[in-house]
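# Coordinates in review
The lines below spell out each chain.
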Amino acid sequence: MGEASVDSTHAGAANRHAGAGNRHDLRERVAAAARRLAADRLVIGTAGNVSARERDVVAITPTGAALEQLEPEQVAIVNLEGEQTGGELEPSSELALHLGVYRRYHAGGVVHTHAPMATALSCAIDELPVVHYQMLMLGGPIRVAPYATFGTPELAEVTVEALRDRTAALMANHGAITYGHDLDAAVDSALLLEWACGVYWHAKAIGGPREMDAAQCQAVIDAAISRGYGSTRERSE
Ligand SMILES: [Zn+2]
């Protein structure tokens, strides 16, 4: 009896420790992603927000913090209902947007930026067409969600809808959003989207772009599936 209760106490302590460790790991990943996006100039100053989810725990950048020097301790912890369960600082004003993406698409990470190229295009176009085959990694032509005031349920609703069958969307006169199965994938998509916006911008400036048609897109998808695009392969002997 005595031994059994000692064992269960140890197990309980181990479980509590693992929970705290996971939360710290989530916060570190969010802080590292925010610093990386700032270093790549996708987020500037306090504009933009990043989150990561594990089960019903979401770690999200705090409102008003300088993202280029974000520390894990500054990252807020909330549940999927938006109730804050950790951290001293208030979560991002776009919390409802992040939670909307987690609830609808079961994502593991979400990135929202005011990246220069994506934001410029969000002020000018209604859809970003597929002009390069790498854009198919984002799911196809990128929708531009209708404009709504930042931080509102309306903005969350129209933006989550614009992500249907895509991992990226532009937000009219505002910026960009991406998500992934984890935060690294969401960051990679944010970088890819910003690059694609730059390609479109430059092609537009010299009289283009020439859009890819449906047959060309399907051939890329078929080739990617048969060749395992994006992963390394051992050379054949
Ligand atoms: Zn924003």
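On a predicted model such as this, the values are computed, not experimentally measured, just so you know.

### Topic: the overall build of the protein chain
Along its length, the protein chain carries six helices and nine strands. In terms of principal-axis extent, the alpha carbons of the protein chain reach across some 80 × 55 × 30 Å. A burial count over the protein chain gives 35% of its 237 residues as buried. Within the protein chain, contacts between residues at least 6 apart in sequence are counted, and of these 63% link residues at least 24 apart.

### As for the confidence of the model for the protein chain
Scored by pLDDT, the protein chain comes out at a mean of 90, with 91% of its residues at no less than 70. Between residues 1-18, whose pLDDT stays under 50, and residues either more than four places distant or in other chains, the model counts zero contacts.

### So, the environment of arginine 227
Considering the arrangement of structural elements, one finds arginine 227 in helix 6 (residues 214-227). Placed 168 residues apart in sequence, arginine 227 and alanine 59 show a C-alpha to C-alpha distance of 36 Å.

### Overview of the pairing of strand 1 (residues 49-54)
Each regular strand displays side chains that alternate between the two surfaces of the sheet. Of all the six residues making up strand 1, five are buried; the element is thus mostly covered by neighbouring parts of the structure. In terms of strand pairing, strand 1 meets strand 2 (residues 57-60) through four bridges, oriented antiparallel. Looking at the pairing, alanine 52 lines up with alanine 59 of strand 2. Between strand 1 and strand 2, which follow one another and run antiparallel, lie two residues, and arginine 55 among them has a positive phi close to 50 degrees.

### Here we look at the nonpolar core
Nonpolar side chains tend to gather and get buried jointly when the protein is soluble and globular. Among the nonpolar cores identified, the biggest contains 58 residues, and Val30, Ala34, Leu37, Ala169, Leu170 and Ala176 are the most heavily contacted of them. Sequence-distant contacts of leucine 170, defined by excluding residues within four places in its chain, comprise Ala118, Leu121, Ser122, Leu128, Ile142, Val144 and Ala176.

### Section: the sheet that holds strand 7 (residues 142-145)
Read across the open sheet, the nine strands follow the order 4-3-2-1-5-9-8-7-6; overall the sheet is mixed. Two strands close off the open sheet at either side, each with one partner strand: strand 4 (84-86) and strand 6 (127-128). Where strand 6 and strand 7 come together, two bridges link them in antiparallel fashion. Following the sheet pairing, glutamate 127 is matched in strand 7 by arginine 143. With respect to the sheet, helix 2 (residues 95-105) is in contact with strand 1, strand 2, strand 3 (76-79), strand 5 (109-113) and strand 9 (175-180), its orientation differing from that of strand 2 by roughly 145 degrees. Across the face of the sheet, helix 4 (residues 153-162) comes into contact with strand 7, strand 8 (168-171) and strand 9 while running at roughly 170 degrees to strand 7.

### What about unusual backbone geometry?
What is expected of a backbone is that most residues other than glycine have negative phi and most peptide bonds are trans. The omega angle of the peptide bond from glycine 208 to proline 209 is -5 degrees, so this bond is cis rather than trans. The residue proline 209 is located in the loop between helix 5 (183-205) and helix 6 in this model. In the Ramachandran plot, arginine 55 falls in the positive-phi region, its phi being about 50 degrees despite a non-glycine side chain. A positive phi angle, close to 55 degrees, is found at histidine 106, a residue other than glycine. With respect to the helices and strands, the residue histidine 106 is situated in the loop between helix 2 and strand 5. For histidine 106, a count of 10 C-beta atoms within 10 Å puts it in the exposed group.

### Description of helix 5
For helix 5, with 23 residues, the first-to-last C-alpha span of 33 Å sits near the 33 Å given by 1.5 Å per residue. Taken as a whole, helix 5 has its buried residues at Leu183, Ala186, Val187, Ser189, Ala190, Leu193, Glu194, Ala196, Cys197 and Tyr200. Two residues or fewer after helix 5 comes glycine 207, characterised by a positive phi angle close to 95 degrees.

### Comments concerning the environment of histidine 181
With respect to the helices and strands, histidine 181 occurs in the loop between strand 9 and helix 5. The partly exposed category is assigned to histidine 181, around which 13 C-beta atoms lie within 10 Å. Spatially, the C-alpha atom of histidine 181 lies 9.5 Å from that of arginine 53, the residues being 128 residues apart in sequence.

### Focus: the packing of helix 2 against helix 4
Helix packing geometry: the angle between the two helix axes and the distance between the axes. Two elements in contact, helix 2 and helix 4, have axes whose closest approach is 8 Å; the angle formed by their N-to-C orientations is 35 degrees. For helix 2 against helix 4, the interelement crossing comes out right-handed. Of the residues in helix 4, those touching helix 2 at Ala96, Leu97, Gly100, Val101 and Arg104 are Pro153, Leu155, Ala156, Thr159 and Val160. Residue classes in the contact of helix 2 with helix 4 are distributed as seven nonpolar, two polar and one charged.

Thresholds, definitions, all that
Every chain is numbered on its own, with residues counted from 1 as its sequence reads. Only residues with pLDDT of at least 70 get local features here, since the model is predicted, and only at 80 or more are side-chain atom pairs given and counted; chain-wide, interface and lining totals rely on the full set of residues. In this description a helix means any DSSP run of H or I spanning at least four residues, a strand means any run of E spanning at least two, and both kinds are numbered starting from the N terminus. Exposure classification rests on a simple neighbour count of other C-beta atoms within 10 Å of a residue's own: a residue reaching 20 or more is buried, one at 12 or fewer is exposed, and one in between is partly exposed. C-beta atoms are placed from the backbone. We call two residues in contact when their backbone-placed C-beta atoms lie within 7 Å. Note on scores: pLDDT gives the predictor's confidence for each residue, bounded by 0 and 100. Pairing between two strands is assigned when DSSP locates at least 2 bridges connecting them. Here, a nonpolar core means buried Ala, Val, Leu, Ile, Met, Phe, Trp, Tyr and Cys residues linked by C-beta atoms lying within 7 Å of one another. Angles run from 0 to 180 degrees between N-to-C directions of axes, and those axes are lines fitted to C-alpha atoms, restricted for helices to the stretch in contact. To estimate the expected span of a helix, count its residues, drop one, and scale the result by 1.5 Å. Crossings are sorted by hand: turned counterclockwise from the far helix by less than a right angle, the near helix makes the crossing left-handed, and turned clockwise it makes it right-handed. Each residue is assigned to one class: nonpolar for Ala, Val, Leu, Ile, Met, Phe, Trp, Tyr, Cys and Pro, charged for Asp, Glu, Lys and Arg, and polar for all the others, Gly among them.

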